[in-house]
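Residue-level structural notes
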Amino acid sequence: MRKIKIFRKIHYQIFISSCIIILIIWSTLLYFLFNSYKNSVMSETKENASSLLYMFSLLSVPGILSDNVLQLQNITDNIISRREVKLAEILREGKDDIVSSKFEEEYLKEFNKERDKFLSLKGEDRILRNTYYRNEPVIDLGIPVKGISPGNVCIRIVYSLNDARRKINSFRNTLIYIGLLSVVIAFFLSYFLAKRITEPIKVITDAFGRFGKGERDIHLEIKSKNETRLLGDAFNKMVSDFKILEQERIKDERLKTLKRISKDMAKAMRNPIYSLYLILQMFQSSQRDRKTINKACLLYTSPSPRDLSTSR
């Protein structure tokens, strides 16, 4: 029972560790993939906004030169008609600004606080500022238009990032579904990986248990090519060597047994013969009929046919 618990514990530890490693690697990959896509979308959106701003600037130059307010208003209205544009504005120093906006009045006042900052732009200066409108992310862009009017002129748009955020959220949701799927895949991969690691160890342990109980006809066939294969080969060699040693030990024990039996038999045979020899010695030393005693002694001490014939 304890052996089963130990293997279950090892199996669970390998399973959990594998799950954690796979999830960490996969989560890191998804994180970098998401950040890469997010940066790509944001960069593309800002490039689109900048391109629109430059186009707005070029279209506005004739109206600025001619001071045609109606033409400038039509241009800003055309720019604001785009779904992603929240504010299109031509800031003119010393003159009224030309504005088309989808903002409410309070938000328009908030954006107008940056008017002087935009009009102070020089040469190739540019402003790109991230901000929010009603929890909607937008970017505030502006470039100066120089050398075409007595005062400073700046073209400004506020560009919505809703489409970009929608794309990013859609991609994020896709990654979440992929992440959930990866959790299931990681679960099964970790389970089979843990089983593949612990199963050969369990087989080898069971083989050791059977070997300890006296079973000798054991041969392990492990198909894996890792350390468990080497361990299985070492076990098979150990069993083979033990069989050889056991056979040699049995032979040695048999020889020892034969020697002990032979020694016991020799001892058992020597004791009565030695007793008879003592008796014969006593007969020889007695004072009775010497002829008869010598004849009896001769029969016991020289039992060969040659001696018997001589004695007769």
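The shown structure was predicted, so the numbers you read here are calculated from the model rather than taken from an experiment.

All right, on to the confidence of the model for the chain then. Here the chain averages 78 in pLDDT, and 73% of its residues register 70 or above. Across the chain, the element-wise mean pLDDT spans from 45 in helix α8 (residues 305-311) up to 93 in helix α2 (residues 69-80).

On to the packing of aromatic side chains, then. With the rule as written, the count across this model stands at five aromatic pairs. Look at Tyr 31 and Phe 32: their rings are 5.7 Å apart centre to centre, the planes differ by 70°, and that puts the pair in the edge-to-face class. Taking the relative accessible area as the measure of exposure, Phe 32 reaches 53% and is therefore exposed. Ring centres 4.7 Å apart and planes at 5° place the aromatic pair Phe 103 and Phe 111 in the stacked group. With relative accessibility at 9%, the residue Phe 103 sits in the buried group. Taken together through their ring pairs, the aromatic side chains of Phe 103, Tyr 107, Phe 111 and Tyr 133 make up a single cluster.

The subject of this paragraph is unusual backbone geometry. Note: most residues except glycine have negative phi, and most peptide bonds are trans. With a phi angle near 55°, Asp 67 is a residue other than glycine that sits in the positive phi range. Within the secondary structure, Asp 67 sits in the loop between α1 (2-66) and α2. The exposure class of Asp 67 is partly exposed, given its relative accessible area of 37%. A positive phi angle, near 50°, is found at Arg 134, a position not held by glycine.

Looking now at the layout of surface pockets. Within this model, the second largest pocket holds a volume of roughly 150 Å³. Lining the second largest pocket, in full, are Tyr 54, Ser 57, Leu 58, Gly 123, Glu 124, Asp 125, Arg 126, Ile 143 and Pro 144. Of all the secondary structure elements, the ones that give two or more residues to the lining of the second largest pocket are α1 and β4 (136-145). Of the residues forming the lining of the second largest pocket, the biggest block, three residues, is contributed by α1. Grouping the constituent residues of the lining of the second largest pocket by class yields four nonpolar, two polar and three charged.

Two modes of strand pairing occur in sheets, parallel and antiparallel, and in both the strands are linked by backbone hydrogen bonds. Reading across from one edge, β2-β1-β5-β4-β3 is the order of the five strands in this open sheet, with antiparallel pairing throughout. Each edge of the open sheet carries a strand with a single partner, namely β2 (98-101) and β3 (127-133). The average angle at which neighbouring strand axes cross in this sheet is 15°, direction not considered. Sheet topology places strand β1 (residues 85-92) next to β2; four bridges connect them, and they run antiparallel. Paired with Ile 90 across the two strands is Ile 98, which belongs to β2. On the sheet, α2 packs against β1, β2 and β5 (153-160) and is oriented at approximately 155° with respect to β1.

A few words now on the pattern of salt bridges. With the rule as written, the count across this model stands at 12 salt bridges. Residue Lys 95 is joined to Asp 67 by a salt bridge in which the shortest nitrogen-to-oxygen separation is 3.4 Å. With Lys 95 in the loop between β1 and β2 and Asp 67 in the loop between α1 and α2, the pair connects residues that are 28 residues apart, well separated along the chain. Here Arg 83 ties to Asp 163 by a salt bridge, and the two come within 2.8 Å at their closest N and O atoms.

Turning next to the pairing of β4. For β4, a buried count of 10 out of 10 residues is recorded, marking the element as mostly surrounded by other parts of the structure. Side chains Glu 136, Val 138, Asp 140, Gly 142 and Pro 144 of β4 all project onto a buried face; the interleaved residues Pro 137, Ile 139, Leu 141, Ile 143 and Val 145 project onto the opposite face, where all are buried too. Where β3 and β4 come together, seven bridges link them in antiparallel fashion. The residue bridging Leu 128 from the neighbouring strand is Leu 141, located in β4. Counted between consecutive antiparallel strands, the loop separating β3 from β4 contains two residues, among which Arg 134 sits at a positive phi close to 50°. Where β4 lies against β5, eight bridges are found, and the strand directions are antiparallel.

Each value, and the rule that gives it
- Residues numbered from 1 in each chain as written.
- Predicted model: local features only at pLDDT ≥ 70, side-chain atom pairs only at ≥ 80, totals over all residues.
- Heavy atoms only, no water.
- pLDDT = per-residue confidence, 0-100.
- Helix = DSSP H or I, 4+ residues; strand = E, 2+ residues; numbered from the N terminus.
- Phe/Tyr/Trp six-rings, centres within 6.5 Å; stacked < 30°, edge-to-face > 60°.
- Buried < 20%, exposed > 50% of the residue type's maximum accessible area, 1.4 Å probe, protein only.
- 1 Å grid on protein atoms, 1.4 Å probe; cavity = no way out; pocket = protein on both sides within 12 Å on 5 of 7 lines; lining within 4 Å.
- Points joined across faces, edges and corners; volume = space filled by probe spheres on them.
- Nonpolar A, V, L, I, M, F, W, Y, C, P; charged D, E, K, R; others polar.
- Pairing = 2+ DSSP bridges.
- Axes fitted to C-alpha atoms, helices over the stretch in contact; angles between N-to-C directions.
- Contact = heavy atoms within 4.5 Å.
- Salt bridge = Lys/Arg side-chain N within 4 Å of Asp/Glu carboxyl O.

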